[in-house]
Amino acid sequence: MVWLYLLGGLILVLVTLQCLMKIYFGAILNLIMNFIHSNIETVKAKLFDEAISKIKSNKKNERLEILELGIGTGENFRHFPKGSNVTILDKTDLFLPYLNESIKKNNRNDLNVSKLVVSKAEEMVGIESDSMDLVVHTFILCSVDDYTKVMNQVYRVLKPGGVCIFMEHSIDNENKPRKILQKFIEPLMGDCKFLDMKKVLNSGPYDHLELKKYTVNRSLITFINPVVYGYGSKS
């Protein structure tokens, strides 16, 4: 009988957490993503520097055309080259206030946020082919309906010589306890799924791909490990 009480208590906790996530989803996700990004800042800064140096689609001193998938908390804006034109694509405008806050916080008024496209990443409605020097997505492939379509769309909108920068959390196939934890909390994560991101990104259309893994050494967010990151380019 004891195990029935324990099971009932566990189900009650899960249902309660799901309700809280639905009600306070934007604020909760903002707090979580701020914490995650603060713990990967060093490796992310190096990634942006390396990947941006590989862009061959833009003439010197011209503004970069950047597309970011997912508004999120605007934590990537600090790494965008000065004076860039930025287009943002998201399936919702729920996080727009956090984006504006990030622009102010990081003193990035030099960026020209020219367009907010409310659309699924699988479709990228209104974004022309061969129009972007740089596409950025961090922690979004886990929550899309079809990651293959998303990567194909990214490739479509990149100019020849353009680059896509990505950072994504992954299922941990090498750490069984962490993998069990990931599967346990997955029902609480809304649209977010734990996927084998190395396999996912290797299946993409990029002509050149650089992949690396990073482990965040913080117990509170150990469930996001490993973080698979890198960049892909279009010839």
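Here, every reference points to the structure presented above.
One structure accompanies this document, and this report is about it. Bear in mind the structure is a predicted one, so any value in this text is a computation, not a measurement. (Residues numbered from 1 in each chain as written. Predicted model: local features only at pLDDT ≥ 70, side-chain atom pairs only at ≥ 80, totals over all residues. Heavy atoms only, no water.)

A short note on the packing of aromatic side chains
Phase 1: Summed over the entire model, instances satisfying the criterion amount to two aromatic pairs.
Phase 2: Centre to centre, the rings of phenylalanine 77 and phenylalanine 80 are 5.1 Å apart; their planes meet at 35°, and the pair counts as tilted.
Phase 3: Classification of phenylalanine 77 by relative accessible area gives buried; the value is 0%.
Phase 4: Each member of the aromatic cluster is reached from another via a ring pair, and the members are Phe48, Phe77 and Phe80.
Phase 5: Above the ring of tyrosine 155, the side-chain terminus of lysine 234 is found at 5.0 Å from the ring centroid. (Phe/Tyr/Trp six-rings, centres within 6.5 Å; stacked < 30°, edge-to-face > 60°. Buried < 20%, exposed > 50% of the residue type's maximum accessible area, 1.4 Å probe, protein only. Lys NZ or Arg CZ within 6 Å of the ring centre and 35° of its normal.)

As for the pattern of salt bridges
Phase 1: Per the counting criterion, the structure on display carries eleven salt bridges.
Phase 2: Close ionic contact of aspartate 145 with lysine 120 constitutes a salt bridge, the shortest N to O distance being 3.0 Å. Highlighted residues: aspartate 145 in the loop between β4 (132-138) and α5 (147-157) and lysine 120 in the loop between β3 (112-118) and β4, separated in sequence by 25 residues.
Phase 3: The closest approach of N and O atoms between lysine 159 and aspartate 133, which form a salt bridge, is 3.2 Å. Placement of lysine 159 in strand β5 (residues 158-169) and of aspartate 133 in strand β4 is noted, with a sequence separation of 26 residues between them. (Salt bridge = Lys/Arg side-chain N within 4 Å of Asp/Glu carboxyl O. Helix = DSSP H or I, 4+ residues; strand = E, 2+ residues; numbered from the N terminus.)

Notes on unusual backbone geometry
Phase 1: Cis geometry is found at the peptide bond from asparagine 225 to proline 226, where omega equals -5°.
Phase 2: Although it is not a glycine, aspartate 130 adopts a positive phi angle of roughly 55°.
Phase 3: Mapped onto the secondary structure, aspartate 130 falls in the loop between β3 and β4.
Phase 4: Its identity as a non-glycine residue notwithstanding, phenylalanine 139 has a phi of 60°, on the positive side.
Phase 5: Along the chain, the position of phenylalanine 139 falls in the loop between β4 and α5.

Purely spatial values, then, with no claim about function.
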